[in-house]
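Tertiary structure, described
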There are 2 protein chains.
Amino acid sequence: MLRLNLLRVSAVVRSPSHFSAHPIQAKQRPAMGSLSYTTSSKPSSGDKLLFRQLFEKESSTYTYLLADVSHPDKPALLIDPVDKTVERDLSLVKELGLKLIYAMNTHVHADHVTGTGLIKSKVPGVQSIISKASKSKADLLVEAGDKIYFGDLFLEVRGTPGHTLGCVTYVTGDGPNQPQPRMAFTGDALLIRGCGRTDFQGGSSHELYKSIFTLPKETLIYPAHDYKGFTVSTVGEEMLYNPRLTKDEETFKNIMENLNLPYPKMIDVAVPANMVCGLQDFSAKQVEAVSN
Amino acid sequence: MLRLNLLRVSAVVRSPSHFSAHPIQAKQRPAMGSLSYTTSSKPSSGDKLLFRQLFEKESSTYTYLLADVSHPDKPALLIDPVDKTVERDLSLVKELGLKLIYAMNTHVHADHVTGTGLIKSKVPGVQSIISKASKSKADLLVEAGDKIYFGDLFLEVRGTPGHTLGCVTYVTGDGPNQPQPRMAFTGDALLIRGCGRTDFQGGSSHELYKSIFTLPKETLIYPAHDYKGFTVSTVGEEMLYNPRLTKDEETFKNIMENLNLPYPKMIDVAVPANMVCGLQDFSAKQVEAVSN
C-alpha cells in the first residue's frame, strides 16, 4: 500500500521508504482539502501564471501552455506538444502575445511524434528540453532537482521512471508568487485513475511503483493523456481511487504484467523521431554531412 | 463590429445598443489582463468552488461539474451532461463526496442525448434545469436574470438565443466569495473562435449576433463543445480573434448562411429526447398510463 507525504522541493523521490504498510481506506469519504480544485474567490496581486490545457484527439494527448504574464516578455513554455497540433499551439502563443522559450517533453513518447522539432524550425530561439536519463537529444537535458525558470515562475524536475527509463514530472514551484495549489505535469507516469504501461522503452513496474512522487494532497495532476475525458485530478484523489497505485507492489506488478495491451502502433515511427526531439533538422544535417 | 462592455448582473442583453461602429483592431497586441487565465498564487480563505471540465469524445462535448466544497453538503451541479458519460460523471461526483442537486442544459442539444434523464433515474432528488424559452420539459425552467444557487455559490442565467431559440449562458456570480475571474458556460452560443450554427431549432444569425452578452474581458469562456482541442478562452480573446463575431452583422450573417454544414446526424434522435430533458421516464409513464 502507498502513503504519500509532503516532500521538500527539489528532492528526488526514489526511496522505497515512502511506502508503508498502512492500507488506504479507498472508500473512505475524503477530507475536503484533498479533493478541491478551486478557483480563487479573490486572486492575490501575485497572479502571474497563464495556463492552457490543449488536447490532441487522435492520440488523446494533452499539451500544456504555461506563461508568466506578469513579466514584460511574457515568457512561455509548452509541455508535450504534438507535431499535428503545432500550428494551433503556435497560433495561440502568438494571439496571447507570449514569447515561447521552451518546448519540453516529459519523456520519449511512443504514441505520437513530439512537436518540439517542428516548433524549433518555426520559432527561432526556442530550446527543447528532455531528461538526461531519456538518452535523447535536446538543447537542454535536465535531471531531478533542476529548476526551469520562465520569468519569475519555475518548474521543478522530478524523476518518475518506470513507464520509460527517462520519465520526469514537471512540478510548479513551491514558494512565494508561485501558483497554488501546485500543478504536476506527470506525463505517463501517473494518469488519472491509471498509469502508463511498463513493457517498452526500459519500462519497469518496480521502478514505476517506487518512483511515485510525494506531494501535498491538493496538488493538481495534469497527465500527458486521458482516454475517458478527465482533464485534471489531485494527488489526494489518486491516493484514494487510482485502481493500480493504491495496490501493494506485488499486486501492482501483476496488474501491469497482465494488461495484454497491443503493440503500440506508432512506436516504430514515434520513438526514433522523439529520440532526437527538437533536433530532427540538426540530426538530418549531421547524417547528410557524414554521407557527403 | 462589436464592442463588449461591462454589464450589471442579472441584466439580459438583447439590445442592439451594445454594438457600435468602432472597429476592433484584431491584430493589436492585447492588454495582459484580458488574456490571463491565472491560477492564484495565494488563494484567499474564501475558496469554495470545486470545478471539473469533462470531455465526451464522440460529440466533442464538454460537461462541467461545479460544487461548493466549503458548504457542509458540498452541493454540486452538472452542466450539459451526456448520456454516454453519465456513469463516469456520477462516479466522480461520488468519489469527490459531492451531493448532486442539479443537472442542467444550456439548450436543447442536437448532437447528443442529454444525460439529465439518466441522472435523475439514478440519483433521486436531482432536479433538471433548462430555459423556459427552450419550450422543453424539466423540473425547473429558468429565465434570464434568474440565479441558481448551489451552497453559497450561484450561477446567473443570461439569454443568448440564436443557435437555438432557448439558448442560455450560465455565468458564475458577481460578488464576494464568488469565483474570480467569472466563468461563462456559453453552450453553443459562443464557441472558442467560433459559434453554433443557426440553421435549425429556431436558430437565427440575427438573434445570435444580437444576443452576444457583455462581460468583463477576463471572463473565462467554457463552451459546450470544442473540435480543435481548446479547453477555455476569455471574452477578451474572443473579442480579438473570433473569426465570426468580430465581423459586422451583415458579414456575420453571410458567413452563417454559407457554412454549408451537413444535416446534423443525431438531430432526429437527440432533439425529441432532449425536449423532455430529465423527464424521459415521467413522459414514458404518462404515455403508458394513457395507452392503458
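Throughout this description, residue numbers start from 1 for each chain and increase along the sequence as written. To label them, take the chains in the order written and letter them from A, then take the ligands in the order written and number them from 1. The predicted nature of this model means local features are confined to residues of pLDDT at least 70 and side-chain atom pairs, given and counted, to a pLDDT of 80 or more, with totals for whole chains, interfaces and linings taken over all residues. The basis for every side-chain value is the complete set of heavy atoms in the structure, and neither hydrogens nor water enter the calculation.

Chain A has the name persulfide dioxygenase in an unreviewed UniProt entry, where Ficus carica is given as its organism. UniProt positions are given in the numbering used here, feature names are shortened, and annotations may be inferred rather than shown by experiment. Reading the Sequence similarities (unreviewed entry) entry of the UniProt record for chain A gives the comment "Belongs to the metallo-beta-lactamase superfamily. Glyoxalase II family." Its UniProt record gives chain A the following Cofactor (unreviewed entry) comment, quoted word for word: "Fe(2+)".

**A word on the overall build of chain A**
A run of DSSP states H or I qualifies as a helix once it reaches four residues; a run of E qualifies as a strand once it reaches two. Both are numbered from the N-terminal end. Counting its secondary structure elements, chain A contains 8 helices and 13 strands. Categorising residues by exposure relies on relative accessible area from a 1.4 Å probe, with only protein chains included: less than 20% of the type maximum marks a residue as buried, more than 50% marks it as exposed, and the intermediate range marks it as partly exposed. Counting every position in chain A, which comprises 292 residues, the buried fraction comes to 60%. Residues count as neighbours in contact if any of their non-hydrogen atoms are within 4.5 Å of one another. Expressed as a percentage of contacts within chain A between residues at least 6 apart in sequence, the contacts between residues at least 24 apart total 65%. Surface accessibility in these figures is a Shrake-Rupley result with a 1.4 Å probe; residues are shielded only by whichever protein chains are displayed. For chain A, the exposed surface amounts to about 11,600 Å²; the carbon and sulfur share of it is 54%.

**Brief notes about helix H7 (residues 267-274) of chain A**
Residue and element names in this part refer to chain A. Regarding H7, the residues found buried are Ile 267, Ala 270, Val 271, Ala 273 and Asn 274. Buried residues of H7, seen end-on, are gathered within an arc of 165° and therefore sit on one face of the element. Looking at H7, the residues exposed on the side facing more than 90 degrees away from the buried face are Asp 268 and Val 269. Note that the arc is computed from the directions linking the helix axis to the C-beta atoms.

**Overview of the sheet that holds strand E12 (residues 220-223) of chain A**
Residues and elements named next belong to chain A. Pairing within the open sheet is mixed, and its 6 strands lie in the order E8-E9-E10-E11-E12-E13. The two strands at the open ends of the sheet, each matched to only one other strand, are strand E8 (147-150) and strand E13 (233-234). When DSSP finds at least two bridges between two strands, those strands are taken to pair. Two strands pair when backbone bridges link them, and strand E9 (residues 153-159) and strand E10 (residues 168-172) are joined in this way by 5 bridges, in the antiparallel orientation. Pairing of Leu 155 across the sheet is with Thr 172, part of E10.

**Description of the sheet that holds strand E6 (residues 127-131) of chain A**
Residue and element names in this part refer to chain A. Ordered in space as E2-E3-E4-E5-E6-E7, the 6 strands form an open sheet in which the pairing is mixed. The sheet is open, and its two borders are formed by strand E2 (49-56) and strand E7 (140-142), each paired with just one other strand. Between one strand axis and the next, the sheet turns by 25° as a mean value, whatever way the strands run. Of the strands in this sheet, E2, strand E3 (61-68), strand E4 (75-79) and strand E5 (99-104) are in contact with helix H2 (residues 86-95), which crosses E2 at around 160°. Here, axes are lines fitted to C-alpha atoms. For helices the fit covers the stretch in contact, and angles between N-to-C directions go from 0 to 180 degrees.

**Let's talk about the packing of aromatic side chains**
Two rings from Phe, Tyr or Trp (for Trp, the six-membered ring) form a pair when their centres sit within 6.5 Å of each other. Planes less than 30 degrees apart are called stacked, planes more than 60 degrees apart edge-to-face, and all others tilted. Applying the stated criterion to the full structure yields 23 aromatic pairs over all chains. When the centroid spacing of 5.4 Å and the interplanar angle of 75° are considered together, the rings of A:Phe200 and A:Tyr263 count as edge-to-face. Residue A:Phe200 is located in the loop between strand E11 (183-187) and helix H4 (205-211), and its partner A:Tyr263 is located in the loop between helix H6 (249-257) and H7; the two are separated by 63 residues in the primary sequence. Taking the relative accessible area as the measure of exposure, A:Tyr263 reaches 48% and is therefore partly exposed. Ring geometry for B:Phe51 against B:Tyr64: centres 6.0 Å apart, planes inclined by 10°, an arrangement best described as stacked. Of the two residues, B:Phe51 is situated in strand E1 (residues 49-56) and B:Tyr64 in strand E2 (residues 61-68); the sequence distance between them amounts to 13 residues. B:Phe51 gets classed as buried once you look at its relative accessible area, which sits at 3%. Taken together, A:Phe51, A:Phe55, A:Tyr62, A:Tyr64, A:Phe185, A:Tyr222, B:Phe51, B:Phe55, B:Tyr62, B:Tyr64, B:Phe185 and B:Tyr222 form an aromatic cluster joined through their ring pairs.

**Some thoughts on the pattern of salt bridges**
One side chain can pair with another of opposite charge once the charged atoms of both are near each other. Each salt bridge in this description consists of a side-chain nitrogen of Lys or Arg and a carboxyl oxygen of Asp or Glu lying within 4 Å of one another. Counting across every chain of the model gives 26 salt bridges over all chains. A salt bridge links A:Asp89 to A:Arg88, with the shortest nitrogen-to-oxygen separation between them at 2.9 Å. Here A:Asp89 and A:Arg88 have matching classes, each one buried. Notably, a salt bridge pairs B:Glu58 with B:Lys84, separated by 2.9 Å at the nearest N-O pair. Of this pair, B:Glu58 sits in the loop between E1 and E2 while B:Lys84 is found in the loop between strand E3 (75-79) and helix H2 (86-95), placing the two residues 26 residues apart along the sequence. No difference in accessibility class separates B:Glu58 from B:Lys84, as the two residues are exposed.

**Topic: the pairing of E2(A)**
All names here are of chain A. Summarising burial for E2: 8 of the 8 residues are buried, a large majority. Of the two faces of E2, both are covered, the one formed by Leu 49, Phe 51, Gln 53 and Phe 55 as well as the one formed by Leu 50, Arg 52, Leu 54 and Glu 56. Here E2 pairs with E3 via 8 bridges, running antiparallel. Bridge pairing links Phe 55 to Tyr 62 in E3.

**Thoughts on the side chain of B:Lys48**
Tracing the backbone shows B:Lys48 in the loop between helix H1 (32-35) and E1. The definition of a polar contact used here is a pair of N or O atoms within 3.5 Å, where within protein one atom must be able to donate a hydrogen and the other to accept one, and adjacent residues in sequence count solely through side-chain atom pairs. At a separation of 3.2 Å, a polar atom in the side chain of B:Lys48 contacts the side chain of B:Ser70.

**Let's talk about the pairing of E8(A)**
All names here are of chain A. On E8, burial follows the alternation: Ile 148 and Phe 150 on one face are buried, whereas Lys 147 and Tyr 149 on the facing-out side are not. Relative to E9, E8 is paired through 4 bridges, and the arrangement is antiparallel. Each bridged residue has a counterpart across the sheet, and for Ile 148 the counterpart in E9 is Leu 155. The hairpin turn running from E8 into E9, its antiparallel successor, is 2 residues long, and Gly 151 in that turn takes a positive phi close to 65°.

**Considering the confidence of the model for chain A**
A residue-level look at chain A finds 78% of positions with pLDDT of 70 or above and a mean pLDDT of 81. Note on scores: pLDDT gives the predictor's confidence for each residue, bounded by 0 and 100. A low-confidence stretch, residues 282-292 of chain A stays under pLDDT 50, and its non-local contacts, those more than four residues away or across chains, total 2 contacts.

**A closer look at the side chain of A:Arg197**
Residues and elements named next belong to chain A. The residue Arg 197 is located in the loop between E11 and H4 in this model. The class for Arg 197 is buried, based on a relative accessible area of 17%. Of the polar contacts made by the side chain of Arg 197, one reaches the side chain of Asp 199; its length is 2.8 Å. A distance of 3.0 Å separates the side chain of Arg 197 from the backbone oxygen of Pro 262, its partner in a polar contact. With residues near it in sequence (within four places) discarded, Arg 197 still touches His 163, Met 256, Leu 261, Pro 262 and Pro 264.

**Structural notes on unusual backbone geometry**
Where the residue is not glycine, phi is negative for most of them; where a peptide bond is considered, it is trans in most cases. Residue and element names in this part refer to chain A. With omega at -5°, the peptide bond leading from Gln 180 into Pro 181 counts as cis. The topology assignment puts Pro 181 in the loop between E10 and E11. Of note in this structure, Asn 177 is not a glycine but carries a positive phi near 65°. Within the secondary structure, Asn 177 sits in the loop between E10 and E11.

**Details of the environment of A:Asp80**
Residue and element names in this part refer to chain A. Relative to the helices and strands, Asp 80 is located in the loop between E4 and H2. C-alpha separation for the pair Asp 80 and Gly 175, spaced 95 residues apart in sequence, amounts to 25 Å. Ignoring any residue separated from it by four or fewer positions in sequence, one finds Asp 80 in contact with Thr 61, Tyr 62, Thr 63, Met 104, Asn 105, Thr 106, His 109, Gly 187 and Ala 224.

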